[in-house]
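Architecture and fold: a report
So you can see what is in the structure, the chains are spelled out below.
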Amino acid sequence: MTTSTQEVEAVPDVSVPPPEPGSPPATRSRVYKLLALGLEFPDPDFFEEIQQGGYERALGDALAALPFVLPAEALPAAGALRTDAALDYQAFESEFIRLFEVGSGGGGPPCPLYAGEYGGGRLKTMEEALRFYDFFGLRLSDAEGRELPDHATVQLEFLHFLAYREGAPAADGPDPVSLQRAEADFLERQAARWLPLLAKRVASQETLPFFKSLVRLAADFARADLHYVKSLLATGGVK
Amino acid sequence: MNGMDRREFLAVSAGAAAVLSLQHLGCTTPAPSRTPARGPFAGEPYGDWRDIYGKKWSWDKIVRGTHLMADCIAACAWDLYVRDGVVVREEQNTLYPQTNPDLPDFNPRGCQKGACYSDHMYAPSRIKYPLKRVGPRGSGKWQRISWDEALSEIADKIIDTVNQYGSECVVYDHGTTQIDMGPDTAGGFRVFALMGSTIIDSWAGVGDLPMGVIQTLGLYNMDGTSDDWFNSDYIIAWVGNPAYTRIPEFHFITEARYKGAKVVHISPDLNASAMHADLWVNPRVGTDAALGLGIAHVIVSERLYKEDVIKEQTDLPFLVRSDTGRFLREADVVEGGEETGYYMWDARRQRLAPAPGVEGNPASLGEKPNALDVARSLGAHHFRSIRLRGLDPAIEGRHTVKLKDGSSVEVRPVLELLKERLATYAPERVRAITGVHPDTIRQLAREIAAAKSAMIFMSWGACKHYHSDLFQRAALLVLALTGQFGKPGAGMRVGAWWTIHGFEILSYDVAHLLPPLLRPSLELMAGAPSTVRPTARLMDDMMKVLTRQYSLHTPLIPWLYTHGGLDRTAGRAAYGDPAFPRSVESCAKESMEKDWMPVYPRPGKDPKVFIFSGVNPLRRWPTPSRIREVLWPKLDLIVSINPRMSSSGLQADLVLPAAGWYEKTGIKFTMSYVPYVIAGDQAVAPLYESRREWDIGALLAKRIQERARARGVKPHQDPLGNTHDLNKVYDRFTKKGEMREGEADKAMDYILGHSKSVRGVKWSELRREGATRIKHTGGYMLLNHICGDYEEGKAVYPLQWNRVNKEPYPTMTARQQFYIDHPWYLEAGEALPTHKEPPEAGGKYPLRLTGGHTRWSIHSIQRDQRHMLRLQRGQPAVYMNADDARRRGLRDGDHARLYNDVGSFIAAVKVSPSVQPGQVVCYHAWEPYQFKGRSGNQEVVASPFKALHLAGEYGHLYYRAYYAAPSHTPRGPTLEVEKVATS
């Protein structure tokens, strides 16, 4: 028996005018997306970007434009977000699989990229993430190989979306303060809660500096952004 | 701007236009309907997180589901609650109506393992995409590859192997860990059977084969519905722990007890079932046969036996020659007489009388019979009956008979010999062996004899000791003597299946190899009404023909003995039976030379490709480190197909992600406990890039066919002379396009349409309803030896056909056979049931390792499930008696090294007064990777097997698929325990 108790909802119109380039929401949105891209499964093209420094530059530029200052220890050392020229793609891919996807000793990877693996209950964490997405008219993609709702890339992408829409001046769009409140809650309950735990685990691994730096940056950025959004909300939100 | 690739996104500089790029979110509803129904985009502001829980108890859909390939005995219906393609919870369904007011119903079914599968299916150990090893085996270095690459690599290696070495060097193992009776299990078997590959038979290989039941009854998959337990007034759980292993059925025992039944539990340790019993009897480990024989001693000496029953239903009246110890045969007495005719002593006429109903040796059909041979045999067998028709056979006394050469010989009925044997098992002597008080033994004997209906619940755990067969024979003897079988609420219960014939023929599709009409004749016979029903023996003969002549089934333990290094442990004389003068080596040699026990590839030729689906061989097989040392180097390609990364997957070359249970459709294991076939609908799409096993089988067949055609591969013959054609393997797999990849539901309709047990049910209907009631047992087949009929509203019990209808048992004597006059059995002193001390398999150490299936996992599937781990110690643990622990300086929670001459492992110690001194319990199926150094509890398991079990071509003792073969014996190895520092 299959019963339908909920109609499929429409997705929000994403073709609204974009936020002002360089504005705080636009920059924050971009950082979230760049972090998500770094934690996606690597393909050879993207590995080349990393190796040649394109990714590090893009992220560095975005970080420099943030409306708040990250703690010095959060900023990756120069060159940390690019890989050694001697490292080949297969070694990079294999290490990504070991660290985040499969592990080498059984029972899953040492550092899974799923929020629910870091406390709070896996199903509860996934369901809450879905409820956030749903409230903002989003659903998980139907594409083959789609990720689960508590995966780092999905959560960072959601924050990318919220920040983007926060800065998008749509006459009939939502109140930006609503979006800021949601960012603060989602960060507090989800991303900023567990990404630091992930970073701690990765730090304990013998792995490539790239992964250590990237995950550390994601964790510190999520916490700093939470602090920033909360400070805005403390004065009524939107700046 | 959706779907932008990574490079494109990077290319947009920080100062240029802001970009929204969604890969994982959105995109489900096309324009123009862009306005959400609620939330900030619909004018509903976000206040705080509580707003998102506004419609807390709503779902996208609720799906009828079950845990499809769990290989658990239960068929439990669940409702699955789905939100945005994620199963967020499940709940037991109560869809089993009460059909008989005198019996309890089956509601609810389910256990804690099923209740947390929604969590487990999302565990990080799930495999997301095909993986290819890039470092040494086991190094943990993987590369992601596409399905296309994986299939091509496997297909080419299979073709190379078939061409260079022969198709039998491609070995497929489905084991038992991930099995159901739908298309996904069938798909795996199907593709490899069509290629003439070796198929591992793991029934005895997992230690689940009750060889003593086969030796006695010629069958073993005999049980009924679990509501029949309610009909019993005396329930014995003997070497079983149903509170752990039969969770949805256990209430029938409790309800029978409320009704007045006495519940007895026999086990060395006070386990979770024993605490619910009226009487707990705790024999020393491995002495159950002695206890059974002590009970039989009392029954015989106090003449508590049912004389009319044993005269008709057992071989106890059969005459045995005193000079040779062999049955008196017609060939001994009559010129030109049959080797397969046996005699009783007609007490009234004081002369020999041929035993009625005897069917003799197998292979009366010949090796490759046609339909006409079957029809002739059906006629010859059909009218056989064990009814005595006025004959009153003597069960006591000595008689002299004249042989055909004119000489005379003394003969005695088997019961006379049995009495001599039982004389050595007086309760006082049995106490010295078992530790059980003689009064308790006498009490058991008298109560079993006096009960209206006594049953023995015996689990598959009762098959995992070296001498399990002797225990089973002794227990069956107790039931036979007291007439406690073949009636409601009585008999030994081992487990059985409703026949899903469509599943069997889809799995092993050898129709194109068979003479015309042979298979249809088998199908007709399987479902035939009682008036024309063939005997079980004829059905067994047919199954032997099909699985020995048309497929390369290979029993696991002889296979490991030949190819996997098991000879190094199982072959040690010190680990065997000192009373048997022959070595395992000589018996194995004779057995294989005479083709009693098939092993493919045959000795001298190595397996080259090993593909396993669901099964976790390096967790379950004995001494996994030796397997890696001996077998692994022989293999050019090792492929694991599994939803999760197992200990065995970690040592594979390619790992293919299979879909989880809620991600595909199917039907559950159809064990006869519950008279329903339970269906699982697909709740969500396969996670990540996983695929259901049916599709994997079809795609592999397709790729092999494509590559074979491209490479100009010629048809090949398997070692049995059957011709296979890789150029047509996909066409055959799909039945010329009837059921391709993505069309598993068509295969399901095929299965249902060819299964009399669910006559007339369509898959569309079954998936909607979630269950269908059984219409028929499906007939005597590979997994169904119930020998009873199904009648709606009535409980089913085993051996009804034999006890009530007087149909022959499929044994050499057509009866429950307690005397086996095979020369090896005579040499070993096991012609009659006896007790033998278990061998010191592991060396001279003071403790014995036992175990049992755990409450918290089905095999290794949920062994690392976080919720289940919280209900126990959270890590591999062994249970030890407090005195044993104290003597070794061990306290609860300490870690210990358990070792013997074979290997060692480290585990936490739980000190428990419920464990018998001398016993160490390690429950089943921890993954080796959960142990320190990945060395699991199987490392100390030498798994010696009884050479007697290699005997063949003796009446009912022969090999066919899922039948008589040597067993894995993980229970009872000797070992010592020492404290180690906790790291």
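Residues numbered from 1 in each chain as written. Chains lettered and ligands numbered in written order. Predicted model: local features only at pLDDT ≥ 70, side-chain atom pairs only at ≥ 80, totals over all residues. Heavy atoms only, no water.

Side note on the overall build of chain A
Broken down by element type, chain A carries eight helices and one strand. Walking chain A from its N terminus toward its C terminus, one meets helices and strands in the order β-α-α-α-α-α-α-α-α. The C-alpha atoms of chain A give a radius of gyration of 18 Å, which matches the 18 Å a tight globule of 239 residues would have. Across its three principal axes, chain A shows a C-alpha extent of roughly 50 × 50 × 30 Å. Of all 239 residues assigned to chain A, the portion counted as buried reaches 63%. Summarising the internal contacts of chain A: among those between residues at least 6 apart in sequence, 76% fall at separations of at least 24. For chain A, the computed accessible surface area is about 8400 Å², with 53% contributed by carbon and sulfur atoms. For chain A, the centre of its 22 positive side-chain charges and the centre of its 35 negative side-chain charges are spaced 7 Å apart. (Helix = DSSP H or I, 4+ residues; strand = E, 2+ residues; numbered from the N terminus. Rg over C-alpha atoms; globule rule 2.2 N^0.38 Å. Buried < 20%, exposed > 50% of the residue type's maximum accessible area, 1.4 Å probe, protein only. Contact = heavy atoms within 4.5 Å. Areas by Shrake-Rupley, 256 points an atom, 1.4 Å probe, with all protein chains shown as cover. Lys, Arg positive; Asp, Glu negative; His and termini not counted. Charge placed at Lys NZ, Arg CZ, Asp CG, Glu CD.)

Considerations on the sheet that holds strand β7 (residues 198-201) of chain B
Pairing between sheet strands relies on hydrogen bonds along the backbone, with the strands arranged either parallel or antiparallel. All names here are of chain B. Ordered in space as β5-β4-β21-β20-β19-β6-β7-β18, the eight strands form an open sheet in which the pairing is mixed. Both edges of this open sheet fall to β5 (142-144) and β18 (552-555), since each of them pairs with a single strand only. Between one strand axis and the next, the sheet turns through 25 degrees on average, direction left out of account. Each of β6 (170-173), β7 and β18 touches helix α20 (residues 556-563); the most contacted strand, β18, lies at about 80 degrees to it. (Pairing = 2+ DSSP bridges. Axes fitted to C-alpha atoms, helices over the stretch in contact; angles between N-to-C directions.)

Comments concerning the packing of aromatic side chains
Under the definition given, this model contains 66 aromatic pairs over all chains. Pairing B:Tyr845 with B:Tyr899 gives two aromatic rings, centres 5.9 Å apart and planes at 80 degrees, and the pair type is edge-to-face. Taken as a pair, B:Tyr845 in the loop between α30 (823-828) and β27 (847-850) and B:Tyr899 in strand β29 (residues 895-899) lie far apart in primary sequence, 54 residues in all. Pairwise contacts between aromatic rings join A:Phe41, A:Phe46, A:Phe47, A:Tyr55, A:Tyr89, A:Phe92, A:Phe96, A:Phe100, A:Phe210, A:Phe211 and B:Tyr129 into one cluster. Directly above the ring of A:Tyr114 sits A:Arg122, whose terminal nitrogen or CZ lies 4.4 Å from the centroid. (Phe/Tyr/Trp six-rings, centres within 6.5 Å; stacked < 30°, edge-to-face > 60°. Lys NZ or Arg CZ within 6 Å of the ring centre and 35° of its normal.)

With respect to the sheet that holds strand β22 (residues 666-667) of chain B
Residues and elements named next belong to chain B. Reading across the sheet, the three strands line up as β22-β23-β26 and stay open at both edges, with antiparallel pairing between neighbours. In this open sheet, the two strands that pair with only one neighbour each are β22 and β26 (771-773). For β22 and strand β23 (residues 676-680), the ladder comprises two bridges, and the chain directions are antiparallel. Within β23, the position partnered with Ile667 by the bridge is Ala679.

Let's talk about the pairing of strand β14 (residues 399-402) of chain B
Residues and elements named next belong to chain B. Judged by which residues are buried, β14 turns out to be one-sided: His399 and Val401 face inward and are buried, whereas Thr400 and Lys402, on the alternate face, are not. Direction of pairing for β14 relative to strand β15 (residues 408-413): antiparallel, over a ladder of four bridges. Within β15, the position partnered with Lys402 by the bridge is Ser408. Adjacent in sequence and paired antiparallel, β14 and β15 are bridged by five residues, among which Gly406 carries a positive phi angle near 95 degrees.

With respect to the domain arrangement of chain B
Where interface size is quoted, it is often the accessible area lost as the parts come together. For chain B, the domain assignment lists domain 1 (1-58) and domain 2 (847-980). A C-alpha centroid distance of 53 Å is found between domain 1 of chain B and domain 2 of chain B. (Domains from an automatic or database assignment.)

Re the interface of chain B and chain A
At the interface, 88 residues of chain B touch 93 residues of chain A. When the two sides are added together, the surface that chain B and chain A hide from each other amounts to roughly 8200 Å², 57% of it contributed by carbon and sulfur. On the chain B side of the interface with chain A, the three residues burying the most area are B:Arg6, B:His24 and B:Phe41, jointly 11% of the side's total. Across the contact surface, chain B and chain A share 10 salt bridges. The salt bridge partner of B:Asp84 is A:Arg139, with a shortest N-O separation of 3.7 Å. (Buried area = accessible area lost by both parts, 1.4 Å probe. Salt bridge = Lys/Arg side-chain N within 4 Å of Asp/Glu carboxyl O.)

Brief notes about helix α2 (residues 44-52) of chain A
Along α2(A), the positions that sit buried rather than exposed are A:Phe46, A:Phe47, A:Glu49 and A:Ile50. Down the axis of α2(A), the buried set is contained in an arc of 155 degrees. They therefore lie on one face. Buried residues in α2(A) make contact with α1 (24-39), α3 (54-64), α4 (89-101) and α8 (209-234) of chain A together with α1 (6-11) of chain B. (Arc of directions from axis to C-beta.)

Side note on the nonpolar core
Among the nonpolar cores identified, the biggest contains 382 residues, and A:Tyr133, A:Phe136, A:Phe158, B:Ile158 and B:Ile295 are the most heavily contacted of them. Looking at this core element by element, the count peaks at 14 residues for α8(A). Three or more residues apiece are contributed to this core by two domains, here domain 1 (1-58) and domain 2 (847-980) of chain B. In terms of nonpolar packing, the next biggest core, distinct from the first, is built from 20 residues, B:Leu847, B:Leu849, B:Leu898 and B:Val940 among them. (Core = buried A, V, L, I, M, F, W, Y, C linked by side-chain atoms within 4.5 Å.)

A word on empty space enclosed by the protein
All names here are of chain B. By volume, the second largest cavity is sized at about 230 Å³. Along the wall of the second largest cavity there are 24 residues; nearest its centre are Arg619, His924, Gln938, Pro970 and Arg971. Across the lining of the second largest cavity, the residue classes break down as eight nonpolar, 11 polar and five charged. (1 Å grid on protein atoms, 1.4 Å probe; cavity = no way out; pocket = protein on both sides within 12 Å on 5 of 7 lines; lining within 4 Å. Points joined across faces, edges and corners; volume = space filled by probe spheres on them. Nonpolar A, V, L, I, M, F, W, Y, C, P; charged D, E, K, R; others polar.)

Concerning the pattern of salt bridges
Residue and element names in this part refer to chain B. Evaluated as defined, the whole model comprises 93 salt bridges over all chains. Taking the shortest distance from any N to any O, the salt bridge between Arg50 and Asp48 comes out at 2.6 Å. By relative accessible area, Arg50 is classed as exposed at 56%. The exposure class of Asp48 is partly exposed, given its relative accessible area of 22%. A salt bridge links Arg773 to Glu792, with the shortest nitrogen-to-oxygen separation between them at 3.9 Å. Taken together, the residues Arg773 in strand β26 and Glu792 in the loop between β26 and α29 (800-803) connect sequence positions 19 residues apart.

A short note on the confidence of the model for chain A
All names here are of chain A. Counting all residues, the mean pLDDT for chain A is 90, and 92% of those residues have values of 70 or more. Mean pLDDT in chain A bottoms out at strand β1 (residues 2-3), which sits at 34, and peaks at α4, which reaches 98. Overall, residues 1-11 carries pLDDT values under 50, and its contacts beyond four positions in sequence, including any with other chains, amount to 43 contacts. (pLDDT = per-residue confidence, 0-100.)

Description of the side chain of B:Asp332
With respect to the helices and strands, the residue B:Asp332 is situated in helix α11 (residues 330-333). When sequence neighbours within four positions are dropped, the list of residues in contact with B:Asp332 reads B:Arg321, B:Phe327, B:Leu403 and B:Lys404.

Describing unusual backbone geometry
Residues and elements named next belong to chain B. Put simply, Asn107 and Pro108 share a cis peptide bond, and its omega is -20 degrees. Structurally, Pro108 can be placed in the loop between β3 (86-92) and α2 (112-115). A cis geometry characterises the amide bond from Tyr600 onward to Pro601, with omega recorded as -10 degrees. Relative to the helices and strands, Pro601 resides in the loop between α22 (584-593) and β19 (609-613). The backbone of Val239 sits at a positive phi, close to 55 degrees, despite the residue not being glycine. Relative to the helices and strands, Val239 is located in the loop between β8 (234-238) and α7 (242-245).

Brief notes about the state of the cysteines
All names here are of chain B. Tallying each qualifying case throughout the model produces zero disulfides over all chains. Left without a disulfide partner, Cys111 is nearest to the cysteine sulfur of Cys76, which lies 6.5 Å away. Free cysteine: Cys787, not disulfide-bonded; nearest cysteine sulfur from Cys463 at 18 Å. Under the relative-accessibility criterion, Cys787 is labelled buried at 2%. (Disulfide = S-S within 2.5 Å.)

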